[in-house]
Amino acid sequence: MGSLTAARIAVRAQLKWTGTKRPWFTYRCSSPLTAAYCRFLSTEPQRTTDGGVPCQDPNLARDSYLHINNTKYPIDSWTNVPSSILAALPRRLHLEPSHPVSLTRQLIESQFPPPIYTHYNTLPPVVTVAQNFDSLGFSPDHPGRSRTDTYYVNKDTVLRTHTSAHEADIFRKDESDGYTISADVYRRDAVDRSHYPVFHQMEGARMWSRRRVLGNDIAMAVWRDLEQVPRHGLKVEDANPTVHPVRNPLQAAYHSIEEAEAIAAHLKRSLEGVVTTLFSRAREAAIAAGNTQIDVEEPLKVRWIEAYFPWTSPSWELEVLWQGDWLEILGCGVVKQELPISAGVPDKVGWAFGIGLERVAMLLYGIPDIRLFWSQDTRFLSQFSSSRPMRRFVPFSKYPACYKDVSFWLRSSSTSAGGGSRINAQNFHENDIMEIVRDVAGDSVEDVKLVDEFSHPITGRKSLCYRVNYRSLERTLRNEEANDLHERLKAHLVDRLGVELR
Ligand code: DAH
């Protein structure tokens, strides 16, 4: 495999994602379990002179359990879920009737009708590490498993990082040949206008049973079913062969090439149908809003790109040409047979896909900032309705940005090796900065960017400078407020990460 392909695969294989609003406070606690909870950064807690440990959240520090949906989860040294994330669990935007995330979910769901497809929309968000990663064939050292990227309830339990966490269970239930799942998912990630630590995904799959298909002629059965999937007027670029021995292999132990070809064709036409449904409405809405960049005569264009996911092969991403840019919309592939085998349905073969709902809703409605989805402001919510055609979002204001920089030295790894309790240049992860910013300033921050980085030529110590853009979506922040937030941010960086401000 070429190193570029390997690097792309590594990057793509990495679970990407996001951070939220939460009150700021500091609490000292001394019980070993709550101290362990305090390690909700990827680092050890700071020991203070009185032997206490500063906790971010007194509500959570009160006992040794996290209480989620009437279940008590013991806290341990892996626990890193902040209370702001717990507070978001009941929101379930994908189920709020006229919310754009829910409208997007409904549009996609309409492409996968019962009885072939069952729709699961209320699966609980706490899953085991086995469900989220092992059942899907994630390698033991996959970066998505790290505490810098994933919210651990405890060592064995996480907030799902993707809806694929339920694939094996739904295969095991075997209630229908196809299904969709929509749900809230959780990832530690950057702070910017397209990332938030809670977001929503939709998953779908279509399987065929070797036991139920006459003469085991799966290819024939799939081609026949493809006739029922509506054709569309999209212009499709699909430059690569269905399988490639290195980049996108056939599962030769389980599928004939004819079967893989048929399943891929069914997958592709089904998902092209999803894109047609979504983007033809978005085009109508953009034209109605007076967007003259859109050529009404030009058909929508999509393209298939080879991809990698641990539980599908071959795999693809689907991109859409939207206002001059190719945008990645979804990931999909032929389900690796180990998954149905371990789910007790070895006779089933088929395809699966996953799509991020906020990302699509932002494109469809022209929503410029992911924080808006969490707004309870009627100026936002009243713009969407299930009972009228899709309309572009009309921004109700743009409040002034307020940029502030913070520069600090990381400890050199040798300095902290003995003390061992804080971050240093080696174990530093940017998501820890992002989480502290969200902790302190919540939705009053629009984005955080690394603007400077260097190592001292003599001491070798590393210095970083981050630029924080304080801007609320709902009002103008007063300068004193932004200053106050920034001062608190600096204090937290020192307290929780042990950095030295410059
Ligand atoms: N779970 C993947 C993600 O979060 C999306 C995905 C890709 C789901 C391929 C699938 C799939 O079911 O086959 O990025």
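Residues numbered from 1 in each chain as written. Predicted model: local features only at pLDDT ≥ 70, side-chain atom pairs only at ≥ 80, totals over all residues. Heavy atoms only, no water.

## Some remarks on the packing of helix α5 (residues 100–109) against helix α9 (residues 257–288)
How two helices pack is summed up by the angle between their axes together with the distance between the axes. α9 packs onto α5 with a crossing angle of 135° between their chain directions and a minimal axis gap of 9 Å. Considering the angle they form, α5 stands oblique to α9. Along this stretch, α5 crosses α9, giving a crossing that reads as right-handed. Of the residues in α9, those in contact with Thr-104, Leu-107 and Ile-108 of α5 are Val-274, Thr-277, Leu-278 and Arg-281. For the contact of α5 with α9, the per-class residue count stands at four nonpolar, two polar and one charged. (Axes fitted to C-alpha atoms, helices over the stretch in contact; angles between N-to-C directions. Helix = DSSP H or I, 4+ residues; strand = E, 2+ residues; numbered from the N terminus. Parallel < 35°, antiparallel > 145°, perpendicular 65-115°, else oblique. Left-handed = near helix turned anticlockwise from the far one by under 90°. Contact = heavy atoms within 4.5 Å. Nonpolar A, V, L, I, M, F, W, Y, C, P; charged D, E, K, R; others polar.)

## A short note on the packing of aromatic side chains
Scanning the model with the defined rule gives 20 aromatic pairs in all. Relative to Phe-393, the ring of Phe-384 has its centre 6.3 Å away and its plane inclined at 10°; by these criteria the two rings are stacked. Grouping residues by exposure puts Phe-384 and Phe-393 together as buried. Taking 6.3 Å as the distance between ring centres and 85° as the angle between the ring planes, the aromatic pair formed by Phe-393 and Phe-396 counts as edge-to-face. Taking relative accessible area as the criterion, Phe-393 reaches 7% and is therefore assigned buried. The exposure class assigned to Phe-396 is partly exposed, which follows from its relative accessible area of 23%. Above the plane of the ring of Trp-316 lies Lys-268, whose end atom (NZ or CZ) is 4.4 Å from the centre. (Phe/Tyr/Trp six-rings, centres within 6.5 Å; stacked < 30°, edge-to-face > 60°. Buried < 20%, exposed > 50% of the residue type's maximum accessible area, 1.4 Å probe, protein only. Lys NZ or Arg CZ within 6 Å of the ring centre and 35° of its normal.)

## Regarding the environment of Lys-462
Within the secondary structure, Lys-462 is located in strand β18 (residues 462–470). Lys-462 sits in the partly exposed class, given a relative accessible area of 24%. The spacing of Lys-462 and Trp-409 is 53 residues in sequence and 5.7 Å in space, taken between C-alpha atoms. Residues in contact with Lys-462, not counting those within four places in the same chain, are Phe-408, Trp-409, Leu-410, Ala-425, Glu-453, Phe-454 and Ser-455. A distance of 3.1 Å separates polar atoms of two side chains, one belonging to Lys-462 and the other to Glu-453. (Polar contact = N/O pair within 3.5 Å; in protein donor to acceptor, adjacent residues only side chain to side chain.)

## Here we look at the site of the ligand
Around the ligand sit 15 residues, and of these Ser-164, Glu-167, Arg-187, Gln-201 and Glu-203 come closest. Between an oxygen atom of the ligand and a side-chain N or O atom of Arg-187, the distance comes to 2.8 Å. With the chains in place, 89% of the 360 Å² that the ligand exposes on its own is no longer accessible. Elements represented by at least two residues in the shell around the ligand include exactly β10 (198–209), β14 (325–335) and β15 (348–356). (Near = heavy atom within 4 Å. Areas by Shrake-Rupley, 256 points an atom, 1.4 Å probe, with all protein chains shown as cover.)

## A closer look at the nonpolar core
Ranked by internal contacts, the top residues of the largest apolar core, which has 75 residues, are Ile-108, Leu-159, Leu-271, Phe-279, Ile-329, Ile-367 and Phe-373. A total of eleven residues in this core trace back to one element, the largest contributor, which is α9. One finds Phe-428, Val-445, Tyr-470 and Leu-477 within the second-largest nonpolar core, a separate group that totals 26 residues. (Core = buried A, V, L, I, M, F, W, Y, C linked by side-chain atoms within 4.5 Å.)

## Some details on the pattern of salt bridges
Counted according to the given criterion, the structure contains 33 salt bridges. Put simply, Arg-188 and Glu-435 hold a salt bridge, and the shortest N to O gap is 3.3 Å. With Arg-188 in the loop between β9 (178–186) and β10 and Glu-435 in helix α14 (residues 430–441), this residue pair connects regions lying 247 residues apart in the sequence. Each member of the pair, Arg-188 as well as Glu-435, is classed as buried. Between Arg-211 and Asp-347 there is a salt bridge; the shortest N-O distance is 3.6 Å. Placement of the pair is Arg-211 in the loop between β10 and α8 (218–226) and Asp-347 in the loop between α10 (338–342) and β15, with a sequence separation of 136 residues. Taken together, the shared-partner salt bridges connect Asp-174, Asp-177, Arg-206, Arg-212, Asp-225 and Lys-348 into one network. (Salt bridge = Lys/Arg side-chain N within 4 Å of Asp/Glu carboxyl O.)

## Focus: the sheet that holds strand β13 (residues 312–322)
Ordered by their spatial adjacency, eight strands build an open sheet running β5-β9-β10-β15-β14-β13-β12-β11, and the pairing between neighbours is mixed. The open sheet terminates on both sides in strands that have one partner only, identified here as β5 (117–120) and β11 (235–237). Pairs of neighbouring strands in the sheet enclose a mean axial angle of 20°, with direction left out of account. Where β14 and β15 come together, five bridges link them in antiparallel fashion. Looking across to β15, one finds that Val-334 is bridged to Trp-351. (Pairing = 2+ DSSP bridges.)

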